[in-house]
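A structural walkthrough
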Amino acid sequence: MAHVSDRRPWTFYVLAVIFTLFVLFLYGPMACIYILSFQGPNGGLTFPLDGVSLDWFGALLHQQRTGDIAGAFSRSVPLALVVLSLTVICSLAAGLAFRRRFVGAGLIFYIAIASLIAPGLVLSVGIGLGFQMLDIPPRWYSSALGAHLTWTLPFGLLIMFTIFSRLSRSYEEAARDLGATTWQTLRHVIIPIVLPGLFGVALFGFTLSYDEFPRSWLTVGPYNTLPLEIWAMTTNVTSPALYALGTVTTVISFFVIAAALSSIALIQSRRTRRRVTRERELQAGS
Amino acid sequence: MKLAVPAKAVPYLEVAPLAIVLFLFFVIPMAMIFAASFFDYDMTGIIPTFTFHSYIELFTQRTTLDLYLQTLKYALIVWAITLTLGFTIAYFLAFHIRNPLIAIGLLLVCTVPFWTSNIIRMIAWIPLLGKYGLFNRGLMAVGVVDQPVQWLLFSDFAVILAYVYLFTLFMIVPIFNSMARIDRSLIEAAIDGGAGRFRILTEVVIPLSKTGIALGSILVITLVMGDFFVVKIMSGGRSASVVMGVFEDVNLLFYPPAAASAVVLLIIVTLIVSLILRVVDVRKELTGER
Amino acid sequence: MRQPGEVELVNCTKRFGETAAVSDINLKIRAGTYCCLLGPSGCGKTTILRMIAGHETPTSGEVRIDGENVVGLPPVRRGTAMMFQDYALFPHLSCLDNVAFSLKMAGVDKAERRERAAKVLARVQMAQFADRVPAQLSGGQRQRIALARALITNPRVLLLDEPLSALDEFLRLHMRGELRRMQRDLGITFIHVTHTQPEAIALADLVVVMDHGHIEQAASAQDVYNNPHSAYVARFMGGQNVFAGRVSAVSNGMVALDLTEQGRIEFPAGDRPVPIGSTAHVSVRRDRIHLAKQGAAETVNAVRGKVSAIEYQGAWVKVTLESMGGEDFVVHMPDTEFFADPVNPGDSVRAHWKALDVHPLVGGAGRSDRPYSLGQN
């Protein structure tokens, strides 16, 4: 049956074409570098492919040619994981604080916004200067960690705002009414309800840190994180090894995301499974 | 947890971790930069005195104005393009895709490239836009041109293309988020009220997604104004930005002029953002206070 | 179940910044009472409920439950349980876990809390939905779960914040009866906030009519309806025509009131002295008024007017006379009486009543700036 109201308006098709072109625009260049990373041993930075090989992935392992990629990974991933955890904890706590009135709420909100908009490189210079003046050597796990947080925390806070604006206050009151302490309310009511949003904050925190270059610049100290290593390669390395690195970083990101998403799925399925078993128990009991 | 915390102290304790991190790693460093902008320097390092030297130098150089104008020009053009593109795509996903799960799936499709390093995503354009890149080969093969087009790479075009490529997502996500929260019955009410497609857009959709538009605009504008690596690579050294100037000064260990330039840039960015926040009270909208 | 709870508010005031949501309230609700707090939105009824629950702290005054001042005590130590307007069922928990929540918080072991929760679920006829999550339930089912969750704490006092407002008409009437039955069975105090007069009258032993943070009248449903204390209560409860006038004479135990608009009302003086020259309000129940087509020119306890509307209501007919002084004058006539000699819109009629049916109002017109229209929901 053809309903008049079910027919899509012409704007749908126009917008669908725009959307498709945008997706092509997003993926086209990426596809190019993934393909070019399998360039043959004598191939260059552009098409056409001169054979197919894994040589450029191999080249990543040789420190002399491409810098310390493995070392950079071994710093970037833990750093991103620490940033992720701190971002989740601090933004959740601050998001809860902003549900109530407190003196200085406006000031802290605007400092967070300022921190979000300040150019990363400028911040990096400031933190670098600070550590220099206090005579503390900058390291990826101290100064760079702080620098990353100035970017991920405001993001996390804004996301928490949108999550909490949809969370009715009566849940907290109901929990209190039923005898839950503040801590129990958080543990048994608030966190389970906002869990999907927290995963969003976590993913954001991870990728923002994992890919942060300007804020890391003067704050990592002598040992580079991955984006700095890549930056160095863009000036030194003129081989498809660069593309190979791009492919590898993407694959690793995908693994992290897949891990995050499947853990959400796991939690969900466990919940349903528990429910199904209980239903059986009840049926058996009755 | 049997901690005897008075109820009034709870929000302060909750906000403390965030406040401490921002104070240590944002407020203090910014104060350092502000202080450093009044210092003097020579070949051996910074001299802590009080002088307007760096500011005087900054404001008397002819290149300063060009640099700021150049940065503002990029910000403005990129803002206009990403806003149009981001709004269009968010609108398509929020209002034309009927199944919300599919809409979110398509949004994820847009975010996937975001998981790859920005620098690498930018470099990915080089084999496409270069003198013997795919585009030029294609154009020559078809016969549109017989010489490779030069302005595709290492030009303003390339810089803006890379910005749009990297930052449109920051526009799509907040606008989509705002639109997804618009009650569909409002649209129906507008149709019942006789509003056409365009009027619905201007009277209902745009006013109700202004938080997303404001947030996206803040993100894109500040990202462009704070950028240096896109300009450096994609313009091939033919163009510059304020932060690139800072970058180069710091590389030469000229901290005070770098700091002075950073302070002026921060003031401009703050002015632009407060202008946006004046139009849309993002905090009120986000926390749902009325 | 615990002993039923007596709730008392003593000089209770709650301010939000400059505005007082509740001003100096004194109210005693005896143990085992079904009490309805009734008033338009913003009158302070929900604030009172939340102060009893412990979700708001009074700015001054005391809240006593069974004689003990509970201000500052957490909800769980008060022996109260609240049912929220939106039910506030935890979306991530099954019905059984929602009901068992308070037991879990109290550290009751799993087997026991499931058993107890299942019992309470059975009591509200929701046993078969134990494993559904709230999103899979209808409005009425959610309400039962919310009720079960509140009852499992064995409260002395159950607080209900507009519990029926989210339900459709049919379900509302059904649940209304169930709430009343539940209260009788449990024997505990129910305090129920509503803005709907029929709901309050149908349910409550004690109706507390509120306006702008003050109690206008606290009495039995019958009293509030038949003997409204003030013009405000009379108007808000509906079913009454309210008159304002000036006392012109008091003689032979009769008070004469010259109406502001037209006519004169005479009624027996009560115990209260009525000074001549003072302004006074009286009310007359709409179903105690008779209509006559033109005839005797009696002007005492009668008004003339044109019929402006007629609404058939089944057992009775609502006849509205052209508004006088901005307020509609309404007569409720039994349908047999009406159809024996029907009137039509536009007819000139005379409405009259007995002096004994005139009810003097003590309080003023209420604190509201805006008048609440008669029969407001």
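Residues numbered from 1 in each chain as written. Chains lettered and ligands numbered in written order. Predicted model: local features only at pLDDT ≥ 70, side-chain atom pairs only at ≥ 80, totals over all residues.

**Notes on the overall build of chain B**
- Each helix and strand in chain B was counted, giving 15 helices and two strands.
- Over its C-alpha atoms, taken along the principal directions, chain B stretches across nearly 80 × 70 × 40 Å.
- Split into buried and exposed, the 290 residues of chain B put 44% on the buried side.
- When contacts within chain B are restricted to residue pairs at least 6 apart in sequence, those whose partners lie at least 24 apart make up 70%. (Helix = DSSP H or I, 4+ residues; strand = E, 2+ residues; numbered from the N terminus. Buried ≥ 20, exposed ≤ 12 C-beta atoms within 10 Å, placed from the backbone. Contact = placed C-beta atoms within 7 Å.)

**Quick notes on the arrangement of the chains**
- With two pairs of chains in contact overall, the greatest share of contacts is found between chains A and B.
- No interface is formed between chain B and chain C, the nearest pair of C-alpha atoms being 11 Å apart.

**Here's the deal with the packing of helix H8 (residues 170-177) of chain A against helix H9 (residues 182-210) of chain A**
Residues and elements named next belong to chain A.
- The contact between H8 and H9 brings their axes to 10 Å, and the two run at 155 degrees. Comparing the axis directions of H8 and H9 gives the class roughly antiparallel. By crossing handedness, the relation of H8 to H9 is classed as right-handed. Only Thr 185, Val 189 and Ile 193 of H9 make contact with H8, whose side of the interface consists of Tyr 171, Glu 172, Ala 175 and Arg 176. (Axes fitted to C-alpha atoms, helices over the stretch in contact; angles between N-to-C directions. Parallel < 35°, antiparallel > 145°, perpendicular 65-115°, else oblique. Left-handed = near helix turned anticlockwise from the far one by under 90°.)

**Comments concerning the pairing of strand S3 (residues 34-38) of chain C**
Residue and element names in this part refer to chain C.
- For S3, the tally of buried residues reaches five of five residues, placing the bulk of the element in the interior.
- Of the two faces of S3, the one lined by Tyr 34, Cys 36 and Leu 38 and the one lined by Cys 35 and Leu 37 are each fully buried.
- One ladder, built from five bridges, connects S3 with strand S8 (residues 189-194); its direction is parallel. Looking at S8, one finds that Leu 38 is bridged to Thr 194.
- Looking at chain direction, S3 and strand S9 (residues 206-211) are connected through four bridges and run parallel. The residue of S9 that forms the bridge with Leu 38 is Val 209. (Pairing = 2+ DSSP bridges.)

**Here we look at the packing of helix H3 (residues 95-105) of chain C against helix H5 (residues 139-151) of chain C**
All names here are of chain C.
- H5 packs onto H3 with a crossing angle of 25 degrees between their chain directions and a minimal axis gap of 7 Å. Overall, the two elements H3 and H5 adopt an arrangement that is roughly parallel. In the crossing of H3 with H5, the sense of the turn from one axis to the other is right-handed. Residues Cys 95, Asn 98, Val 99 and Phe 101 of H3 pack against Ile 145, Ala 148 and Arg 149 of H5.
- Considered class by class, the residues forming the contact of H3 with H5 number five nonpolar, one polar and one charged. (Nonpolar A, V, L, I, M, F, W, Y, C, P; charged D, E, K, R; others polar.)

**A closer look at the nonpolar core**
- Ala 162 of chain B together with Leu 159 and Val 208 of chain C are the most contacted members of the largest nonpolar core, which totals 266 residues.
- It is helix H8 (residues 156-180) of chain B that contributes the most residues to this core, 16 residues altogether.
- Apart from the residues within four sequence positions on either side, Val 208 of chain C is in contact with Leu 27, Cys 35, Cys 36, Leu 37, Leu 38, Ile 215 and Ala 218 of chain C. (Core = buried A, V, L, I, M, F, W, Y, C linked by C-beta atoms within 7 Å.)

**Overview of the interface of chain A and chain C**
- Facing 18 residues of chain A, the contacting portion of chain C comprises 22 residues.
- Of all the elements in the fold, those that place two or more residues in the side of chain A that touches chain C are H8, H9 and helix H11 (241-285) of chain A.
- The element contributing the most residues to the side of chain A that touches chain C is H8 of chain A, with six residues.
- Taken together, the residues of the side of chain A that touches chain C break down into eight nonpolar, four polar and six charged.

**Things to note about the confidence of the model for chain C**
Residue and element names in this part refer to chain C.
- Of all residues in chain C, 93% have pLDDT values of 70 or greater, and the mean over the chain is 85.
- Taken as a whole, residues 367-377 scores under 50 in pLDDT and shows 16 contacts with residues more than four places along the chain or in a different chain.
- For this predicted complex, the interface confidence score (ipTM) comes to 0.86, while the overall pTM stands at 0.81. (pLDDT = per-residue confidence, 0-100.)

**As for the sheet that holds S9 of chain C**
Residue and element names in this part refer to chain C.
- Pairing within the open sheet is mixed, and its six strands lie in the order S6-S7-S8-S3-S9-S10. Looking at the sheet topology across the chains shown, the edges are occupied by strand S6 (80-83) and strand S10 (214-219). In this sheet, adjacent strand axes meet at a mean angle of 15 degrees when their direction is disregarded.
- In this sheet, S10 lies alongside S9 in antiparallel orientation, the contact comprising five bridges. From the neighbouring strand, Asp 211 faces S10, where its bridge partner is His 214.

**What to know about the pairing of strand S14 (residues 279-285) of chain C**
All names here are of chain C.
- Alignment of strand S11 (residues 240-251) against S14, held across seven bridges, turns out to be antiparallel. Each bridged residue has a counterpart across the sheet, and for Arg 246 the counterpart in S14 is Thr 279.
- Of the strand pairs in this sheet, S14 and strand S20 (residues 358-361) are connected by four bridges, and their pairing is antiparallel. Looking at S20, one finds that His 281 is bridged to Leu 361.

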